[in-house]
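Notes for the structure review
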Amino acid sequence: MTSAQKDIIMKLRHRNKGYSEIATQLGVSVNTVKSYCYRSGLSTTQLKETAFFCQNCGRAITEPSKTRPRKFCCTKCKQAWWNKHRLERKSSKICVFVCTSCGRRFYDYTHSNRKYCSLACYQKRGMPNDT
């Protein structure tokens, strides 16, 4: 295993990626990744004992005792991660809507009252056409 692969394994493990996901990305066996992580102190139990890491930026999260483990270091990272992974959500409540201003399709939850796909379309709603 090269030093570049070792660095990638360290970065991905600090972002709480699994052994099989890392092995697939690097093209090595799962057991190779597991053994390297165990030797380097990156196994799941060792990571949980030391610190938690932000899913977005990978920064260490200091955990207050007796609380549920946090996934993000701050609100900005949480919002950025959810915006990047918006379409990966597997929710049956997400439906397709059509913007009344521009006619573009957009996705939102079932009982939302949205009519416009963006703030710009909302602001253009009352303006007359210049044609």
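Residues numbered from 1 in each chain as written. Predicted model: local features only at pLDDT ≥ 70, side-chain atom pairs only at ≥ 80, totals over all residues. Heavy atoms only, no water.

Some thoughts on the overall build of the protein chain
Counting its regular elements, the protein chain contains six helices and four strands. Out of the 131 residues belonging to the protein chain, those deemed buried represent 23%. Partitioning the contacts of the protein chain with sequence separation of at least 6, the portion at a separation of at least 24 is 20%. Carbon and sulfur atoms make up 51% of the accessible area of the protein chain, which totals about 10100 Å². (Helix = DSSP H or I, 4+ residues; strand = E, 2+ residues; numbered from the N terminus. Buried < 20%, exposed > 50% of the residue type's maximum accessible area, 1.4 Å probe, protein only. Contact = heavy atoms within 4.5 Å. Areas by Shrake-Rupley, 256 points an atom, 1.4 Å probe, with all protein chains shown as cover.)

As for the packing of aromatic side chains
For the coordinates displayed, the defined rule picks out four aromatic pairs. For the ring pair Tyr116 and Tyr122, a centre distance of 5.6 Å and an interplane angle of 70° mean the geometry is edge-to-face. (Phe/Tyr/Trp six-rings, centres within 6.5 Å; stacked < 30°, edge-to-face > 60°.)

Section: a nonpolar patch on the surface
A surface patch of nonpolar side chains, about 340 Å² in accessible area, is lined by Leu87, Val96 and Tyr107. Looking at Leu87, the relative accessible area reads 69%, which means it is exposed. (Patch = residues over 30% accessible without salt bridge, like charges linked within 9 Å, V, L, I, M, F, W, Y side chains within 5 Å. Salt bridge = Lys/Arg side-chain N within 4 Å of Asp/Glu carboxyl O.)

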